[in-house]
Amino acid sequence: MTGSAAGDVFTAVEAEVARLEAIFSLHHPGSALNRLNRTGRLVSPPTELLELLVLSGALHRITDGAFDPTVQPLWELHAISAARGEQPTAEALAKAGARCGWSHLRYDAGRVSFARKGMALTFNGIAQGFIADRVAALLRTRGLRDVLIDMGEIAALGRRPDGGRWRAGVATPDGVIVREVKLAERALATSAPRGTLLDPDGRVGHIFDPRSGQPAGRWSLVSVAAGRAALADGLSTAFCLMDRSAIAAALAQYPGASLEVLL
């Protein structure tokens, strides 16, 4: 590939990532997601948002509610409390929990809406994987067949130049690699509840159980491989909140997915 052609590819990837961030980002003021969260409804939602809602709904069902993008009100409560060096009161948790719940979300091709006031969505537990999948699809259309893509989650197209499978290291939040996973036409996603901390003392992580309202505390590191990065991403997020038997039951619904690390 010439330098000019490579530049065109990188430009296309940057444009695609920017386009998707304008749909899913909580940090982009005008994103489709933020418009939905502000007003409680979104008319003519982007196709990509609907696609991710469908996958999220499937994951919500097979994880018995552990995966739930409507958890955002709980995240906001914990983030505000942690910044103050406090823990949410039982009353505050109950109020935030009442504004969560996948069953209170309505969506179709014409509109996405909330059935309860004050609800909000976050795709932080799945959007990185979805974007990795979209970048992989874009590169395929450009004729690239052997590429390792890292968009926070990993998507491996084809193989390495020597014909071997791509290698990806699974690391703890402090950078210690605990396992090497080999990938070919496969994706890998890793979730660590304490990978992002919300309080100055480093005690409150960023993954919360929508069922209890409490931070994830069962596992410190979960890594999942699957045919799609979005699926691996969503499963790894949910598995941070599930016991071994529940994880096994969920994986049985996706025979192509595998648990790579559970610490």
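No experiment lies behind these values; they were computed from the predicted model shown.

Procedures and definitions
Residues numbered from 1 in each chain as written. Predicted model: local features only at pLDDT ≥ 70, side-chain atom pairs only at ≥ 80, totals over all residues. Heavy atoms only, no water. Helix = DSSP H or I, 4+ residues; strand = E, 2+ residues; numbered from the N terminus. Polar contact = N/O pair within 3.5 Å; in protein donor to acceptor, adjacent residues only side chain to side chain. Contact = heavy atoms within 4.5 Å. Pairing = 2+ DSSP bridges. Axes fitted to C-alpha atoms, helices over the stretch in contact; angles between N-to-C directions. Buried < 20%, exposed > 50% of the residue type's maximum accessible area, 1.4 Å probe, protein only. Patch = residues over 30% accessible without salt bridge, like charges linked within 9 Å, V, L, I, M, F, W, Y side chains within 5 Å. Areas by Shrake-Rupley, 256 points an atom, 1.4 Å probe, with all protein chains shown as cover. Salt bridge = Lys/Arg side-chain N within 4 Å of Asp/Glu carboxyl O. Expected span 1.5 Å × (residues − 1). Parallel < 35°, antiparallel > 145°, perpendicular 65-115°, else oblique. Left-handed = near helix turned anticlockwise from the far one by under 90°. Nonpolar A, V, L, I, M, F, W, Y, C, P; charged D, E, K, R; others polar. Core = buried A, V, L, I, M, F, W, Y, C linked by side-chain atoms within 4.5 Å. Phe/Tyr/Trp six-rings, centres within 6.5 Å; stacked < 30°, edge-to-face > 60°.

J.: Looking at this structure, I do not really get the side chain of S31. What am I missing?
T.: Take S31: it is sitting in the loop between α1 (3–24) and α2 (32–39). For S31, the side chain forms a polar contact with the main-chain oxygen of S25, separated by 2.7 Å. In this structure S31 touches E21, A22, I23 and S25, once residues within four positions along its chain are discounted.

J.: Looking at this model, I keep getting lost on the sheet that holds strand β2 (residues 105–107). Mind explaining?
T.: Two modes of strand pairing occur in sheets, parallel and antiparallel, and in both the strands are linked by backbone hydrogen bonds. Pairing is antiparallel in the open sheet, where three strands are placed in the order β1-β3-β2. At either end of the open sheet lies a strand with only one pairing partner, and these are β1 (41–43) and β2. Each neighbouring strand pair of the sheet contributes to a mean axis angle of 10 degrees, computed without reference to strand direction. One ladder, built from three bridges, connects β2 with strand β3 (residues 111–114); its direction is antiparallel. For Y107, the partnering residue across the bridge sits in β3 and is V112.

J.: What exactly am I supposed to notice about the pairing of strand β5 (residues 154–157) here?
T.: Residues in a regular strand project their side chains so that they alternate between the two faces of the sheet. The side-chain alternation of β5 yields two buried faces, one formed by I154 and A156 and the other by A155 and L157. Two elements, strand β4 (residues 147–150) and β5, share four bridges in a ladder whose sense is antiparallel. From the neighbouring strand, V147 faces β5, where its bridge partner is L157. The antiparallel pairing of β4 with β5 creates a hairpin that spans three residues between the two strands, and G152 there sits at a positive phi of about 100 degrees. When β5 meets strand β8 (residues 186–191), the two strands line up antiparallel, connected through three bridges. The residue of β8 that forms the bridge with I154 is L188.

J.: Even after reading the chapter, I still don't get a nonpolar patch on the surface, so can you show me in this structure?
T.: Taken together, the side chains of V176, V178 and L263 define a hydrophobic patch exposed on the protein surface, amounting to about 240 Å² of accessible area. If you trace the backbone, L263 turns up in the segment after β10 (258–262). Taking relative accessible area as the criterion, L263 reaches 45% and is therefore assigned partly exposed.

J.: Honestly, helix α4 (residues 72–83) in this entry has me stumped. Any pointers?
T.: Because each turn of an α-helix spans 3.6 residues, side chains separated by three or four positions in sequence point in the same direction. Here α4 spans 16 Å end to end across twelve residues, near enough to the 16 Å set by a 1.5 Å rise per residue. Residues of α4 that are buried sit in contact with α5 (90–98). Looking at the residues trailing α4, positive phi occurs at G85, about 75 degrees.

J.: Any chance you could explain helix α6 (residues 127–141) here in plain terms?
T.: Compared with the 21 Å implied by 1.5 Å per residue over 15 residues, the 21 Å span of α6 between its first and last C-alpha is a close match. Three or more residues of α6 are buried, namely A127, G129, F130, I131, A132, V135, A136, L138 and L139. Backbone geometry just after α6 places G143 at a positive phi near 85 degrees.

J.: In this structure, what is going on with the packing of helix α3 (residues 47–62) against α6? I would like to understand it.
T.: Two packed helices can be described by the angle between their axes and the distance between those axes. Their axes nearest at 12 Å, the elements α3 and α6 cross at an angle of 125 degrees. On the basis of the axis angle, α3 is oblique to α6. Crossing of α3 against α6: the hand is right-handed. In this structure, α3 contributes E48, E51 and L52 to the contact, and α6 contributes A127, F130 and R134. Here the residues of the contact of α3 with α6 are counted per class, giving three nonpolar, no polar and three charged.

J.: Is there a simple way to explain the nonpolar core in this structure?
T.: The nonpolar side chains of a soluble globular protein tend to be buried, and buried together. F24, L49, L53, F123, L139 and F239 are the most contacted members of the largest nonpolar core, which totals 64 residues. Of all the elements, α6 adds the most residues to this core, at eight residues. Here F24 is in contact with L33, E48, L49, L52, F123, A127 and F130, once residues within four sequence places are set aside. Judged by nonpolar contacts, the second largest core, of twelve residues, contains W166, V181, L183 and L221.

J.: Whenever I open this one, the packing of aromatic side chains confuses me. Can you help?
T.: Aromatic ring pairs are reported here in terms of the distance separating the ring centres and the angle at which the planes meet. Inspection of the entire model under this criterion finds three aromatic pairs. Where F24 meets F123, the ring centres are 5.6 Å apart and the plane angle is 80 degrees; that geometry is what we call edge-to-face. Within this pair, whereas F24 is found in helix α1, its partner F123 is found in the loop between β3 and α6, the two being separated by 99 residues in sequence. Classification of F24 as buried rests on a relative accessible area of 4%. Using a relative accessible area of 1% as the deciding quantity, one classes F123 as buried. Their ring planes at 65 degrees and their centres at 6.1 Å tell us that W102 and Y107 sit as a pair that is edge-to-face. Relative accessible area serves as the criterion here: at 11%, W102 is assigned to the buried category. Residue classification places Y107 among the partly exposed residues on the basis of a relative accessible area of 29%. Each member of the aromatic cluster is reached from another via a ring pair, and the members are F24, F123 and F130.

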